[in-house]
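Reading the structure
Listed below are the residues making up each chain.
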Amino acid sequence: MVLLLTITFRSKSQTTMKTQAWLPAFCFLWIPFLFSAHPIDSLIDRSIVLQENSGDYGHALELARSALSLAQKDDQKYRSQQGRCQVEIGRCLRALGQYDEALGAYEKALQIRKELFDSAGVASVYNNMSSAYLGMYNFEDAEACSQKAIALYRQIPGSENQLLRACNNWANVLGEKGDRLEEAIAMNRLAIDLIQRIPEKDTLSWIDAEYGFGKRLIQKGDYAAARHHLQQALALGIQLDDGTAIGQAQEGLGVVALHENDLEAAREYFEQAKAMYQQAGDSLALAYVYFNLGELHGSAAQFADARQAYHHARINLNKNVVPGENLGDVIDQRILYNEASRNQFKFRNVLSATIILALLIAIILLTRLVKERAAKMLEKEQKLRLQEEALHTREELLNVKEKLRRIRHSVIKDSVHTMLPYIESNLQESATGAIPQEQFLRFKRMINRLLRKINEPLENMGRPITLKAFAAEMHECAEDAAMMTVRHFSSLDDAGGYPLSNAVAHHMEIIVNLAFSNIRNHAGCRQATIAFEVEGNYLVLDIEDDGKGFDPQHVRKGAEGLVDINDHTREMNGTCRIISSPGQGTQIQIKVPSFLASSEAQANS
């Protein structure tokens, strides 16, 4: 089963980033701070270490607040440290999902750094505020803060890495606004270009730029380019030994493979990303990768596995204090959709089996009816043999027998041969899915027409049909042969009551079936038309389609349809004109002289 996939990415500015698993050995990093730095700076540095290496934001927040209490004892002397403390408090609160409190801390830090004329510090605060607004889905304020940060960094020499981080943040903001994807891609491209000009590159910001660019390109549908940038992010993550960066790049590559229907590659990438996230203990990241695994299983019609993956996604999402955008609602929707798809898949299987059984029964019944009709015809032939003695000459007897044989052969052969392609087509379609109702109606109409011909009294066979009735029947045959709606523009007027020669009617019906079968198999058209007209002593048949056409001068070898149409036209002493060119559709015009049934022919029939 094919599913319409909606892959949800995490914004890196809204999630916990852990460069590696927390190790107790990091405790030794605190010892130099205790002896070589001021207690305020030591507490702030310990808070930063906890944030970047263990993700223990609760403990990190306590340390930052302790440092702020010390700094506030001498408001003037430690004014700069107060700004640092407020920034770290804001970062911890943002990671814990307390965005309003985080913005309050950032506002205080912004005021302090403006008082100290610290342009780089002001830009840094704006960048953090942009991330907080993004977490609240306040895209307007997030964009405004990103613009201010970029404007300041561009005026500060030597701040290329900080400018790169601001560009990445702005690209994330633009990317979350669905109507500004192209602007986000342009900002990501600017960040990539900026990297090339930085002598000492910040590898983590470089990874952010490559990953963000790949994410935007996936949203655009440019999967080849997205794969290139995600592979670059993966290589940098491996170089930095950053488990989260590696997991995000692998998850992105899995999404690319999933969109390209390479399910095995997608499964491998998602499993590798899951292992990385489990090692890092990142429950929100695990929620997203389990969600993508659910999408993968759903696209492969593995509904039980999909349900289990969505369940794990929900469990991991509930473990995280940071809301995963609207992932919870999306998971609930996909669980419901997965169940509906599973039920629909079962229903389709049952329906397909039912359709196949119904078609087999129809074939058996039609075969039985044909045999019964043939038996009745044989019985009538036997009666005719008994009447041979009453005929004056053997020649008259042979004429009657030949006429009956041709009528019976024409009725059964033409009708059954017309039915066989539809039966085959419907059987093929029933193996892959449900058959459209329109095809069933045409199939039913053909069966009814066949039954009508089979059950027609023998004495009526061979009697001429009027042009109007014949045109209506040929319109029906055209729609059945083409398996589509065919427009009918016959303008017979008073000529509609003319009796049509049986020979002309026979060849015309074959030509209509051949022509519209060719339209179905080769034309690839949206619409086709059939029209009958009377021009003097000529009956004119016009068939047109708006398909891909062909060059009549270079008809491929083996085009039996066109050859047969010409042969049947010559049998009626008529002319066939084919007008076509590549991309311009096709028109076939058949003109037949002496098409009316003579009184003698009518008497004989």
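What about the overall build of the chain?
A count of helical and extended segments in the chain gives 22 helices and 7 strands. By the burial criterion, 47% of the 605 residues in the chain qualify as buried. Within the chain, contacts between residues separated by at least 24 positions form 68% of all contacts whose residues are at least 6 apart in sequence. By element, 52% of the accessible surface of the chain is carried by carbon and sulfur atoms, the whole surface being about 30,300 Å².

Considerations on the environment of Ser66
As for its position among the elements, Ser66 is in helix α3 (residues 57–71). Distance from Ser66 to Leu43, taken between C-alpha atoms, is 7.4 Å for residues 23 residues apart in sequence.

Digging into the sheet that holds strand β5 (residues 538–545)
Taken in spatial order, the 5 strands make up an open sheet running β2-β4-β5-β7-β6, and their pairing is mixed. Only two strands of the sheet have a single partner each, and these edge strands are β2 (486–488) and β6 (575–580). Each adjacent strand pair in this sheet contributes to an overall mean axis angle of 15°, direction not counted. Strand direction decides the pairing type here: β2 and strand β4 (residues 528–535), joined by 3 bridges, are parallel. Each residue of the ladder has a partner; that of Arg487, found in β4, is Thr529. Sheet strands touched by helix α19 (residues 467–482): β2, β4 and β5. Its angle to β2, the strand with the most contacts, is close to 165°.

Here we look at the nonpolar core
Counting 93 residues, the largest nonpolar core has Ile40, Ile89, Val125, Tyr126, Met129, Leu164 and Phe270 as the members making the most contacts within it. Counting 35 residues, the second-largest nonpolar core is a separate cluster that includes Ala495, Leu500, Met508 and Phe595.

Observations regarding the side chain of Gln86
With respect to the helices, strands and loops of the structure, Gln86 is situated in helix α4 (residues 79–95). Not counting residues within four places of it along the chain, the set of residues in contact with Gln86 comprises Leu68, Ala105, Lys108 and Ala109.

Digging into the packing of helix α6 (residues 119–135) against helix α8 (residues 160–176)
Direction vectors running N to C along α6 and α8 enclose 20°, while the axes themselves pass 10 Å from each other. In terms of orientation, α6 and α8 fall into the roughly parallel class. For the crossing formed where α6 meets α8, the hand is left-handed. Across from Asn127, Ser130, Ser131 and Leu134 in α6, the residues of α8 making contact are Arg165, Ala166, Asn169, Asn172, Val173 and Glu176. Here the residues of the contact of α6 with α8 sort into 3 nonpolar, 5 polar and 2 charged.

A closer look at the side chain of Arg79
With respect to the helices and strands, Arg79 occurs in helix α4. Among the polar contacts listed, one links the side chain of Arg79 to the side chain of Gln82, at a separation of 3.0 Å. At 2.8 Å, the side chain of Arg79 forms a polar contact with the side chain of Glu115. Setting aside residues no more than four positions away along its own chain, Arg79 makes contact with Ile112, Glu115 and Leu116.

Description of the pairing of β4
Where β4 meets β5, 8 bridges bridge the pair, whose relative direction is antiparallel. Bridged to Ala528 within β5 is Asp545. Taking the residues between adjacent antiparallel strands as the criterion, β4 and β5 are bridged by 2 residues, where Gly536 takes a positive phi near 65°.

Quick look at the environment of Ala149
Mapped onto the secondary structure, Ala149 falls in helix α7 (residues 139–153). With a relative accessible area of 0%, Ala149 lands in the buried category. A C-alpha to C-alpha distance of 9.8 Å links Ala149 and Asn169, two positions 20 residues apart in sequence. Non-local contacts of Ala149, meaning those with residues more than four positions away in its chain, are made with Ala123, Tyr126, Asn127 and Ala166.

Remarks on the confidence of the model for the chain
With 75% of its residues at a pLDDT of at least 70, the chain reaches an overall mean of 78. In the model, residues 1–36 has pLDDT below 50 throughout and makes 107 contacts with residues more than four positions away in sequence or in other chains. Contacts from residues 599–605, a stretch scored under 50 in pLDDT, to residues over four places away or in other chains number 11 contacts.

What about the pairing of β5?
Among the 8 residues of β5, 6 are classified as buried, and the element is accordingly described as predominantly covered. Across 8 bridges, the pairing between β5 and strand β7 (residues 586–593) is antiparallel. Among the inter-strand pairings, Val540 is bridged to a residue of β7, identified as Lys591.

Cut-offs and rules
Residues numbered from 1 in each chain as written. Predicted model: local features only at pLDDT ≥ 70, side-chain atom pairs only at ≥ 80, totals over all residues. Heavy atoms only, no water. Helix = DSSP H or I, 4+ residues; strand = E, 2+ residues; numbered from the N terminus. Buried < 20%, exposed > 50% of the residue type's maximum accessible area, 1.4 Å probe, protein only. Contact = heavy atoms within 4.5 Å. Areas by Shrake-Rupley, 256 points an atom, 1.4 Å probe, with all protein chains shown as cover. Pairing = 2+ DSSP bridges. Axes fitted to C-alpha atoms, helices over the stretch in contact; angles between N-to-C directions. Core = buried A, V, L, I, M, F, W, Y, C linked by side-chain atoms within 4.5 Å. Parallel < 35°, antiparallel > 145°, perpendicular 65-115°, else oblique. Left-handed = near helix turned anticlockwise from the far one by under 90°. Nonpolar A, V, L, I, M, F, W, Y, C, P; charged D, E, K, R; others polar. Polar contact = N/O pair within 3.5 Å; in protein donor to acceptor, adjacent residues only side chain to side chain. pLDDT = per-residue confidence, 0-100.

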